[in-house]
Amino acid sequence: HYTCKDGNIFSSVGECQETCSECVEVDRDELFLSTSNGLKRVDLSNNTVSMVSSRVCRNLEIFEESLFCMDRGIYKINILTGENKFERILTDQNLRSFEVCGHYLWINLIDRARLFDLNSGQSWYYNRNDGIQGSEIYSIGCDDEWVWFLDSEGMSMYNWRKYHAQ
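Points about the nonpolar core
For step 1, the next point in the chain: With 14 residues, the main nonpolar core has Trp106, Ala113, Ile140, Val147, Phe149, Tyr158 and Trp160 as its most contacted residues.
For step 2, the next point in the chain: Counting residues per element, the ones that place at least two in this core are strand E12 (104-108), strand E13 (113-117), strand E15 (137-142) and strand E16 (146-151).
For step 3, the next point in the chain: With three residues, the top contributor of residues to this core is E15.
For step 4, the next point in the chain: Among the nonpolar cores identified, the runner-up in size contains twelve residues, and Leu95, Phe98, Val100 and Leu105 belong to it.

Looking at the pairing of strand E11 (residues 97-101)
For step 1, the next point in the chain: With four of five residues buried, E11 lies mostly within the body of the structure.
For step 2, the next point in the chain: Examined bridge by bridge, E11 and E12 share five bridges and lie antiparallel to one another. Within E12, the residue paired with Ser97 across the bridge is Asn108.
For step 3, the next point in the chain: Count of turn residues in the E11/E12 antiparallel hairpin: two residues, of which Gly102 carries a positive phi of about 65 degrees.

With respect to the sheet that holds strand E6 (residues 48-53)
For step 1, the next point in the chain: Spatial strand order, E4-E5-E6: three strands in an open sheet with antiparallel pairing. Each edge of the open sheet carries a strand with a single partner, namely strand E4 (30-35) and E6. Strand-to-strand, the axes of this sheet are offset by a mean angle of 30 degrees, without reference to chain direction.
For step 2, the next point in the chain: The pairing of E4 with strand E5 (residues 38-43) spans six bridges and is classified as antiparallel. Paired with Glu30 across the two strands is Asp43, which belongs to E5.

Parameters and conventions
- As a convention, each chain's residues are numbered from 1 in the sequence order in which they are written.
- With the structure being a predicted model, the display of local features is reserved for residues of pLDDT at least 70 and the display and counting of side-chain atom pairs for 80 or more, all residues being used for whole-chain, interface and lining totals.
- The side-chain figures draw on all heavy atoms in the structure; neither hydrogens nor water molecules are used.
- We define a nonpolar core as any set of buried Ala, Val, Leu, Ile, Met, Phe, Trp, Tyr and Cys residues linked to one another through side-chain atoms lying within 4.5 Å.
- Each residue gets one of three labels from its accessible area relative to the maximum for its type: buried under 20%, exposed over 50%, partly exposed in between, using a 1.4 Å probe on protein chains only.
- Working definition: helices are DSSP H or I runs of at least four residues, strands are E runs of at least two. Numbering for both runs from the N terminus.
- Paired strands are those between which DSSP finds at least two bridges.
- In this analysis an axis means a line fitted to C-alpha atoms, helices contributing only their contacting stretch, and an angle means the value between N-to-C directions, from 0 to 180 degrees.

Following this line, the structure appears as structure tokens:
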């Protein structure tokens, strides 16, 4: 993250340079924990713990200034502003887990996967007809070019960036 002398915080150096002549990179020394009592933020520089929300998350992912949380749906919260209000991204009764890859979410829906574009709201679904080997997906992982599915029949890989541009 980057900041100007006035204290405004930006997620990219380009965004900061549009506003300020001099930008400084800021390291955030924080840890987020999901407990049975809710979501907590630990400031590792001074060992303080603060409550973010009473929401209990089963899956946490951070991308840029957003923390994504799975709790009967996928929600996000801006971790830079200090606001404790979650925004619902989507809900699905078969939601098992998710991974953030840039501005996309790969979502495990047990018998299929959903690719969700956070910018446009557009979705694509993938299942056995698209090359996922098994009828039940246990885990999804991804990087900038590839997504992999660990399922009831083994593991499948898909070069998703070939078909979904940044």
